[in-house]
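# Examination of the molecular architecture
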Amino acid sequence: MRIEVENDRIRERKKQEYQDLVDEMDQKGFEANLEKISIKTANLFGIVLFILVSAITYPIYYLVNGKIDPALIFGFEGTKGMLIFFGAYLLSIFVHEFIHGFLWQFTCEKKWGSIDFGFNPKTCTPYCHCREALSFGRYFFGSIGPTLFLGIIPIILGIIFKSLFLVSFGVLGFVGGAGDLMVIFSLRKHRDSRLFDHPYEVGYAYFTAKKGD
Ligand SMILES: [Zn+2]
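Quick caveat: nothing in here was measured; it's all calculated off a predicted structure.

## Structural notes on the sheet that holds strand E4 (residues 125–130)
- The strand order across the open sheet formed by three strands is E1-E3-E4, and the pairing between neighbours is mixed. The sheet is open, and its two edges are formed by strand E1 (2–5) and E4, each paired on a single side. In this sheet, adjacent strand axes meet at a mean angle of 20° when their direction is disregarded.
- Across six bridges, the pairing between strand E3 (residues 115–120) and E4 is antiparallel. Residue pairing in the sheet places Asn120 in a bridge with Thr125 of E4.

## A few points about the sheet that holds strand E2 (residues 30–36)
- Strand order across the open sheet formed by three strands is E2-E6-E5, with antiparallel pairing between neighbours. Whereas interior strands pair on both sides, the edge strands pair on one side only; in this sheet they are E2 and strand E5 (194–197). Sheet twist, expressed as the mean angle between neighbouring strand axes with direction ignored, is 30°.
- Here four bridges tie E5 to strand E6 (residues 203–209), and the two strands are oriented antiparallel to one another.

## Side note on helix H1 (residues 8–27)
- Taking 1.5 Å per residue, 20 residues should reach 28 Å; H1 reaches 29 Å between its end C-alpha atoms and fits that length.
- H1 sits mainly on the outside: zero of its 20 residues count as buried.
- One or two steps after H1, the chain reaches Gly29, where phi turns positive at roughly 95°.

## Observations regarding the environment of Gly81
- If you trace the backbone, Gly81 turns up in helix H3 (residues 78–107).
- Assessed through the 16 C-beta atoms surrounding it within 10 Å, Gly81 is described here as partly exposed.
- As for Gly81 and Ala71, which are separated by 10 residues in sequence, their C-alpha atoms are 9.6 Å apart.
- Those residues in contact with Gly81, other than ones at most four positions away along the chain, are Phe74, Gly75 and Phe76.

## Brief notes about helix H5 (residues 164–176)
- Between its first and last C-alpha atoms H5 spans 18 Å; for 13 residues at 1.5 Å apiece the expected length is 18 Å, and the two agree.
- In terms of burial, H5 is largely enclosed, as 12 of its 13 residues are buried.
- Considered for burial, the residues of H5 that qualify are Leu164, Leu166, Val167, Ser168, Phe169, Gly170, Val171, Leu172, Gly173, Phe174, Val175 and Gly176.
- If you follow the buried residues of H5, they end up packed against helix H2 (39–65), H3, helix H4 (136–160) and helix H6 (178–187).

## Topic: the environment of Arg9
- Note on placement: Arg9 falls in helix H1.
- On the basis of neighbour counts, which here come to 9 C-beta atoms within 10 Å, the residue Arg9 falls in the exposed class.
- Along the primary structure Arg9 and Gln105 are separated by 96 residues, whereas in three dimensions their C-alpha atoms are 25 Å apart.

## Quick word on the packing of H3 against H5
- Axis separation between H3 and H5 bottoms out at 11 Å; the angle between their running directions is 40°. When the axis of H3 is compared with that of H5, the two are oblique. For the pair H3 and H5, the sense of crossing is right-handed. Listed contacts from H5 to Phe85, Ala88, Tyr89, Ser92, Ile93 and His96 of H3 are Phe165, Ser168, Phe169, Leu172, Gly173 and Gly176.
- In terms of residue class, the contact of H3 with H5 is built from seven nonpolar, five polar and no charged.

## A short note on unusual backbone geometry
- Although it is not a glycine, Cys124 sits at a positive phi angle of roughly 60°.
- Position of Cys124 among the secondary structure elements: in the loop between E3 and E4.
- Even without being glycine, Lys162 reaches a positive phi, approximately 60°.
- Topologically, Lys162 is positioned in the loop between H4 and H5.

The rules behind the values
- Within each chain, residue numbers correspond to sequence positions counted from 1 in written order.
- Per-residue local features are limited, in this predicted model, to residues with pLDDT of at least 70; the limit for side-chain atom pairs, both in listing and counting, is 80 or more; totals at the level of whole chains, interfaces and linings are taken over all residues.
- Paired strands, as defined in this entry, are two strands with at least two bridges between them according to DSSP.
- To qualify as a helix, a DSSP run of H or I must reach at least 4 residues; to qualify as a strand, a run of E must reach at least 2; elements of each kind are numbered from the N terminus.
- Only the contacting stretch of a helix is used when fitting its axis, a line to C-alpha atoms as for every element, and angles between N-to-C directions run 0 to 180 degrees.
- Take the residue count of a helix, subtract one, and multiply by 1.5 Å to get its expected span.
- Labels follow a simple rule on C-beta atoms placed from the backbone: if 20 or more others lie within 10 Å of a residue's own, it is buried; if 12 or fewer, it is exposed; otherwise it is partly exposed.
- The contact criterion used here is simple: two residues whose C-beta atoms, placed from the backbone, lie within 7 Å are in contact.
- Angles below 35 degrees are treated as roughly parallel, those above 145 as roughly antiparallel, those between 65 and 115 as roughly perpendicular, and all remaining angles as oblique.
- For any helix crossing, the convention is left-handed if the near helix is rotated counterclockwise from the far helix by under a right angle, and right-handed if that rotation is clockwise.
- Any residue outside Ala, Val, Leu, Ile, Met, Phe, Trp, Tyr, Cys, Pro, Asp, Glu, Lys and Arg is labelled polar, Gly included; the first ten of those are nonpolar and the last four are charged.

Spatial relationships are all this shows, so hold off on functional conclusions.
Here's what the structure looks like:
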């Protein structure tokens, strides 16, 4: 496992590592193709997802628990409540990346040895990168994890245990998975490919057998 703050040297190393993998797969008879996710579309999808998930989640909460107190939408009242909520939310951005790495390492040959965690100061975001090309199922497993554990499960628990904190936390956690959901949706086209989380583009590379080989 490597934990680092991205800089020019690390970016160069990532490019080299990616090129090495492309060369290695080329020798094995596979060619690399890119499936890029547009950040603009992902952000737009995030907004749509926020509206959609809120429009489904809060009415269900209301139906199950009988009332929604708008003052308690973040779980606790007042400014303190908002601070606690957004503190938890900020932390969850890092936990999101950790879940990707934690789930992917199970499926990697070198386990944690193939997982990189980092922080990109240019975009002010943490990231997780897996350095092994994975099968569809394994790639899917690590990609869906954060949306499941920080989105769907908190929403369900929040409804069951009457916690608006968990519900609102889950709604934002779900929205945080917008990019991952776009990746997962695009995976259906590459079920038989080896998939490699791209180290510096938003998206992944998929390896397909070279024609004529
Ligand atoms: Zn993610």
